[in-house]
Each structure stands twice: as structure tokens, then as C-alpha cells.
Amino acid sequence: MTRLIVHVEGQTEEQFVNELLAPHLYDHGYASVGARLLGNARQRGRRGGVKSWQVVRKEITDHLKEDHGSLATTMVDYCGLPQSGPEAWPGRDAASGLPYPENVAHVEEKLLRDVTSEMGHAFNPSRFIPFVMIHEFEALLFSDCQGFAEGIGQETLASDFQAIRDGCSGPEEIDDSPLTAPSKRITKLVPGYQKPLMGVLAASKIGVETMRSECPHFDEWLKRLETALG
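A brief look at the structure comes next. (Residues numbered from 1 in each chain as written. Predicted model: local features only at pLDDT ≥ 70, side-chain atom pairs only at ≥ 80, totals over all residues. Heavy atoms only, no water.)

1. Looking at the packing of aromatic side chains
- The full count for this structure, using the stated rule, is nine aromatic pairs.
- Ring centres of Phe 142 and Phe 148 lie 5.5 Å apart, and the angle between their planes is 85°; on these two criteria the pair is classed as edge-to-face.
- Among the aromatic residues, ring-to-ring pairing joins Phe 16, Phe 131, Phe 137, Phe 218 and Trp 221 into one connected group.
- The side chain of Arg 92 reaches across the aromatic face of Tyr 78, ending 3.8 Å from its centre. (Phe/Tyr/Trp six-rings, centres within 6.5 Å; stacked < 30°, edge-to-face > 60°. Lys NZ or Arg CZ within 6 Å of the ring centre and 35° of its normal.)

Take a look at the structure:
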């Protein structure tokens, strides 16, 4: 199993996987690493967003069934996951009463259990490594506020980004209110912020190693991917 597909919810995550995560994982034995937008977002002209679990599960299991020499993972935003009704993701509703990081771990466990059940008794569960970020991708950029500001050509904003970072326990725990989510905070400081372009420019400046040093859950995911091939 040397091929990895990362199921992502938007273009920023897609570019991050293809431009930064893939080169990192090639050093750990992977022959192929690529991102795939959930719900065929590109074909439908959509910019992303989390789709119903029924749709996403079929995409993941279809991939695992079609390519027996591959692994699959996810990179999705916990706060954006449907938690009730027919679109609900496993464990999301119950997780809402749990503190971080127990809430994302609970959802990840339920996702693995559901995919394993759908795949049948012969499936090797190690082929699916779910990853649920507590907040959106932009939270990772607060791992290095100076690098973030320099990466998007807004060096004077480094102290403003740092103030946001200092107000939370860590980058992964930046508040998720609709008005104060990471991307909302950024757009208030950077009118016209272009998420896919600027997000990946900043991520490239910051680097994967700095992100993982500041973001424990992200680091845990990377370790699982790095060691998945044995």
C-alpha cells in the first residue's frame, strides 16, 4: 500500500495536500499522494464544503475497493460537519458535548468504524486514517504568525495575527463562532483575502514541520501517515 488519497473539502486543502503534504510523505515511502475534493465539488462548479456522510462514505469506499494497494484519509473541518438529519456524519452529534480534542477523536473513531463496517469483514482498517480538524485550514497558519504575514505579503500584520493566536490555547483551538472563525478573523485584517492562493502561499512559508510543532492533532495525523507503510 504505497498510494494515498486525501479526501478534502475545498481547493485550499487540495492545494496544500498536492504542494506541501505530498512531497513530505514521499520521503516516507509513498509512491503517490493526491487530494480529491469531496462530493465532486469541481465537477459541479462548487468551491467545496462538507457534503453528507452518505455521499462521502461512498466516495471513500469506492476508492478503497477500486485500488487495493492504496490508503485513504480525510482532511475536513469538524465545525462544518452536518450533525443531524440524513446528512449527519457519524459521531458528530454526540461529540458536540465533548471537549477538544476528545470531540474530534470521537468522530474519527466513528468514521473508521462506519467505513470498516461498510467495507466488510475482509477489510484491513489500517487502510483508512480519518483526520478531522477542529476548525478550518486557516487555523494552521497561526502556527507562525510572522511567517503567515510574510507569506501573504502583509508583514505589518504579524502582530495582529499574533494577538489572535495569543488569545487561544493554540492554533487548532482558535474560536469557531461564525463571526470569529479563523478565516473571518483573517478577512477582517486582509480585505480580499484569496483563500486558496494566499492560504497555500502562507503554508509554504511556514512549512509542515512548524505547523506540526504547534498543532498536536495535526502532528498526530502526520505521524500516523508517516508510519502507515510499516
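2. Digging into empty space enclosed by the protein
- Applying the stated rule across the entire model yields two cavities of 30 Å³ or more.
- Looking at the largest cavity, its volume works out to about 60 Å³.
- Taken together, Phe 131, Met 133, Ile 134, His 135, Glu 136, Ala 139, Leu 140, Glu 172 and His 217 make up the lining of the largest cavity.
- Taken together, the residues of the lining of the largest cavity sort by class into five nonpolar, two polar and two charged.
- When its volume is computed, the second largest cavity comes out at roughly 40 Å³.
- Taken together, Glu 108, Pro 130, Phe 131, His 217, Glu 220, Trp 221 and Arg 224 form the lining of the second largest cavity.
- Here the residues of the lining of the second largest cavity sort into three nonpolar, one polar and three charged. (1 Å grid on protein atoms, 1.4 Å probe; cavity = no way out; pocket = protein on both sides within 12 Å on 5 of 7 lines; lining within 4 Å. Points joined across faces, edges and corners; volume = space filled by probe spheres on them. Nonpolar A, V, L, I, M, F, W, Y, C, P; charged D, E, K, R; others polar.)

3. Thoughts on the side chain of Thr 61
- Looking at where Thr 61 falls in the secondary structure, it is placed in helix α2 (residues 53-66).
- Classification of Thr 61 by relative accessible area gives buried; the value is 3%.
- A polar side-chain atom of Thr 61 sits 2.8 Å from the main-chain carbonyl oxygen of Arg 57.
- Polar side-chain contacts of Thr 61 include one of 3.2 Å to the backbone oxygen of Lys 58.
- Aside from chain neighbours lying at most four places away, what touches Thr 61 is Val 115, Glu 118 and Met 119. (Helix = DSSP H or I, 4+ residues; strand = E, 2+ residues; numbered from the N terminus. Buried < 20%, exposed > 50% of the residue type's maximum accessible area, 1.4 Å probe, protein only. Polar contact = N/O pair within 3.5 Å; in protein donor to acceptor, adjacent residues only side chain to side chain. Contact = heavy atoms within 4.5 Å.)

4. Quick look at the nonpolar core
- Core analysis: the biggest nonpolar cluster contains 47 residues, and Phe 16, Met 75, Phe 218 and Trp 221 have the highest contact counts within it.
- Among the elements that line this core, the one with the most residues is helix α1 (residues 11-26), at six residues.
- Those residues within four positions of Phe 218 in sequence are excluded, and the remaining contacts are Phe 16, Phe 131, Leu 140, Glu 172, Val 208, Met 211 and Arg 212.
- Core analysis: the next-biggest nonpolar cluster, separate from the first, contains 21 residues, Leu 64, Tyr 78, Val 107 and Val 132 among them. (Core = buried A, V, L, I, M, F, W, Y, C linked by side-chain atoms within 4.5 Å.)

5. Quick look at the pattern of salt bridges
- Tallying each qualifying case throughout the model produces 12 salt bridges.
- Lys 205 is the salt-bridge partner of Glu 150, the closest N and O atoms lying 3.5 Å from each other. On the criterion of sequence distance, the pair formed by Glu 150 in helix α5 (residues 145-151) and Lys 205 in helix α8 (residues 195-206) is long-range, its members being 55 residues apart.
- For Lys 205, a relative accessible area of 47% translates into the label partly exposed.
- For Glu 214, the salt bridge goes to Arg 165, with nearest N and O atoms at 3.3 Å. Placement of the pair is Glu 214 in helix α9 (residues 208-214) and Arg 165 in helix α6 (residues 158-166), with a sequence separation of 49 residues. (Salt bridge = Lys/Arg side-chain N within 4 Å of Asp/Glu carboxyl O.)

6. Observations concerning the pairing of strand β3 (residues 70-77)
- Counted residue by residue, β3 has eight buried out of eight residues, so it is predominantly covered.
- Neither face of β3 is exposed, since Ser 70, Ala 72, Thr 74 and Val 76 on one face and Leu 71, Thr 73, Met 75 and Asp 77 on the opposite face are all buried.
- Bridging between strand β1 (residues 3-8) and β3 involves six bridges; their strand directions are parallel. Bridge pairing in β3 links Ile 5 to Ala 72. (Pairing = 2+ DSSP bridges.)

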